[in-house]
Amino acid sequence: MAATQVNPTRMELTRQKKKLATARKGHKLLKDKRDELMRQFLDLVRENMALRQKVEAGIQAANKNFVVAKAGMSEETLHTALMAPKQEVYLETDKKNVMSVDIPVFEYKTRTADENDIYSYGFAFTSSDLDDAVKSLADILPEMLRLAEAEKACQLMAAEIEKTRRRVNALEHVIIPQAQANIKYITMKLDENERSTQIRLMKVKDMMLEEAHHYKEKQAAKA
Amino acid sequence: MYKIAVMGAYDSIYGFAALGLDTFPVSDIQEGEKLLRRIAEGDYAVIYITEALAADLKHEISRYQEQVVPAIIQIPGVSGNTGAGITGVKKSVEQAVGSDILFGDN
């Protein structure tokens, strides 16, 4: 039962056979790709989850510290203290190719050589709680960047895995069975044609012999 | 050379300024949408966005989901953790595996 109409010719048969071979090879390769992507993805997503839990806890703790700091001084002082940051963070991005998925790699650089140079204010007018708050946030920053890297990689890989899985399934359940059915149909049809040609030839031969030797008449005369 | 942006309600993000990240306080959604688009097309490789704001800008964020940069990462705001970040991770597991086999129980 071929879903699509194919011409039962030898040329078409060769074409379908080639198609089947390619599809089988592609299916195997894509399946390997999917398995490897999945393995790496599972490792990465576990790391992602752990980082996320850590970062969320860290940020929450920092936020608490900031609330305490805010309570201890006037809003204006706080604004002024954080208005002109001393430090700046730059990112160098690179791409890493994992099974044909480009995932980002971030490397961060700070403007001043000392990464801990984060207090952009004099200590005279601000409460020490603010120092603690800023410090707690600074401590979590490397993890936040790692999280950004891991989470983006997970998103990209998840999309790629989904795509690959669909391709594998399409090959396995549609393309390959279809080609097989086509091949079967064409072979049957060709065999059938051959048989009918054979029979026709036999019939024609019988008729020609009959015409030459008149077997039937001779048989009738004998009887 | 890329930079890092932080978006959200002012109270949730002002601390990041001290670390040298660029903070973008957002108070209304439409302004946030425009701002996000501008930031994402600028030199920012990582955009941290509070979960509360991210919930309102879902549509805009999903446009950048399949690009390598910027990475848009949700962080909890000052008012607490909505769990949207964790849900995001679970969702990508679901997308890849078909169902959440890793973190389904927590």
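About the thresholds
- Residues numbered from 1 in each chain as written.
- Chains lettered and ligands numbered in written order.
- Predicted model: local features only at pLDDT ≥ 70, side-chain atom pairs only at ≥ 80, totals over all residues.
- Heavy atoms only, no water.
- pLDDT = per-residue confidence, 0-100.
- Axes fitted to C-alpha atoms, helices over the stretch in contact; angles between N-to-C directions.
- Helix = DSSP H or I, 4+ residues; strand = E, 2+ residues; numbered from the N terminus.
- Parallel < 35°, antiparallel > 145°, perpendicular 65-115°, else oblique.
- Left-handed = near helix turned anticlockwise from the far one by under 90°.
- Nonpolar A, V, L, I, M, F, W, Y, C, P; charged D, E, K, R; others polar.
- Buried < 20%, exposed > 50% of the residue type's maximum accessible area, 1.4 Å probe, protein only.
- Phe/Tyr/Trp six-rings, centres within 6.5 Å; stacked < 30°, edge-to-face > 60°.
- Pairing = 2+ DSSP bridges.
- Expected span 1.5 Å × (residues − 1).
- Contact = heavy atoms within 4.5 Å.
- Buried area = accessible area lost by both parts, 1.4 Å probe.
- Salt bridge = Lys/Arg side-chain N within 4 Å of Asp/Glu carboxyl O.
- Polar contact = N/O pair within 3.5 Å; in protein donor to acceptor, adjacent residues only side chain to side chain.

### Brief notes about the confidence of the model for chain B
Turning to step 1, where the next piece is worked out: When pLDDT is averaged along chain B, the result is 85, and 97% of the positions lie at 70 or above.
Turning to step 2, where the next piece is worked out: Here the predicted complex scores 0.82 on pTM and 0.88 on ipTM.

### Describing the packing of helix α1 (residues 10-71) of chain A against helix α3 (residues 128-213) of chain A
All names here are of chain A.
Turning to step 1, where the next piece is worked out: Between α1 and α3, the shortest axis-to-axis distance is 4 Å and the interhelical angle comes to 165°. Taken together, the axis directions place α1 and α3 in an arrangement best described as roughly antiparallel. Of the two elements, α1 crosses α3, and the hand of that crossing is left-handed.
Turning to step 2, where the next piece is worked out: Its residues assigned to classes, the contact of α1 with α3 shows 37 nonpolar, 12 polar and 20 charged.

### Comments concerning the environment of B:D56
Residue and element names in this part refer to chain B.
Turning to step 1, where the next piece is worked out: One can find D56 in helix α4 (residues 51-56).
Turning to step 2, where the next piece is worked out: D56 gets classed as partly exposed once you look at its relative accessible area, which sits at 43%.
Turning to step 3, where the next piece is worked out: With 14 residues separating them in the primary sequence, D56 and P70 have C-alpha atoms 19 Å apart.

### Structural notes on the packing of aromatic side chains
Turning to step 1, where the next piece is worked out: Using the criterion set out here, one finds three aromatic pairs over all chains in the structure.
Turning to step 2, where the next piece is worked out: An aromatic cluster of at least three residues, connected via ring pairs, comprises A:F66, B:Y10 and B:Y14.

### Observations concerning the sheet that holds strand β3 (residues 44-50) of chain B
By way of backbone hydrogen bonds, the strands of a sheet pair with one another, either parallel or antiparallel.
Residues and elements named next belong to chain B.
Turning to step 1, where the next piece is worked out: Taken in spatial order, the four strands make up an open sheet running β2-β1-β3-β4, and their pairing is parallel. Both edges of this open sheet fall to β2 (22-25) and β4 (71-75), since each of them pairs with a single strand only. On average, adjacent strands in this sheet sit at an angle of 25° to one another, irrespective of strand direction.
Turning to step 2, where the next piece is worked out: Judged from the four bridges that link them, strand β1 (residues 3-8) and β2 form a sheet pairing that is parallel. Across the sheet, V6 pairs through a bridge with T23, a residue of β2.

### As for helix α6 (residues 84-97) of chain B
Turning to step 1, where the next piece is worked out: End to end, α6(B) covers 20 Å across 14 residues, agreeing with the expected 20 Å (1.5 Å per residue, within 8%).
Turning to step 2, where the next piece is worked out: After α6(B) finishes, the residue B:G98 shows a positive phi value of roughly 115°.

### Here we look at the pairing of strand β2 (residues 101-110) of chain A
All names here are of chain A.
Turning to step 1, where the next piece is worked out: Bridge count between strand β1 (residues 89-98) and β2: 10 bridges; the pairing is antiparallel. Paired with D94 across the strands is V105, a residue of β2.
Turning to step 2, where the next piece is worked out: Connecting β1 to the next strand, β2, in antiparallel fashion are two residues, including M99 with a positive phi near 50°.

### Structural notes on the interface of chain A and chain B
Turning to step 1, where the next piece is worked out: Counting from both sides, the interface comprises 50 residues of chain A and, opposite them, 47 residues of chain B.
Turning to step 2, where the next piece is worked out: Buried surface at the junction of chain A and chain B, summed over both partners, amounts to about 4400 Å²; 68% is from carbon and sulfur atoms.
Turning to step 3, where the next piece is worked out: The interface formed by chain A and chain B includes one salt bridge.
Turning to step 4, where the next piece is worked out: Here A:K70 makes a salt bridge to B:D11, at a shortest N to O gap of 2.8 Å.
Turning to step 5, where the next piece is worked out: Here chain A is connected to chain B by 13 residue pairs in polar contact (both at pLDDT 80 or more).
Turning to step 6, where the next piece is worked out: Secondary-structure elements contributing two or more residues to the side of chain A that touches chain B are α1, α2 (75-83), β1, β2 and α3 of chain A.
Turning to step 7, where the next piece is worked out: The dominant element in the side of chain A that touches chain B, judged by the number of residues it contributes, is α3(A), at 18 residues.

### Focus: the side chain of A:H27
Turning to step 1, where the next piece is worked out: Within the secondary structure, A:H27 is located in helix α1.
Turning to step 2, where the next piece is worked out: Apart from the residues within four sequence positions on either side, A:H27 is in contact with A:V168, A:L171, A:E172 and A:I176.

### Some words on the pattern of salt bridges
Turning to step 1, where the next piece is worked out: Counted under the stated rule, the structure contains 18 salt bridges over all chains.
Turning to step 2, where the next piece is worked out: The partner of A:D139 in a salt bridge is A:K135, and the shortest N-O contact between them spans 2.7 Å. Taken as a pair, A:D139 and A:K135 lie in helix α3 at a separation of four residues, close to a single helical turn.
Turning to step 3, where the next piece is worked out: Since its relative accessible area comes to 37%, A:K135 is described here as partly exposed.
Turning to step 4, where the next piece is worked out: Salt-bridge contacts for B:E60 lead to B:R37; the nearest nitrogen and oxygen are separated by 3.0 Å. Of this pair, B:E60 sits in helix α5 (residues 58-62) while B:R37 sits in helix α3 (residues 29-41), placing them 23 residues apart in sequence.
Turning to step 5, where the next piece is worked out: A relative accessible area of 5% means that B:E60 is categorised as buried.

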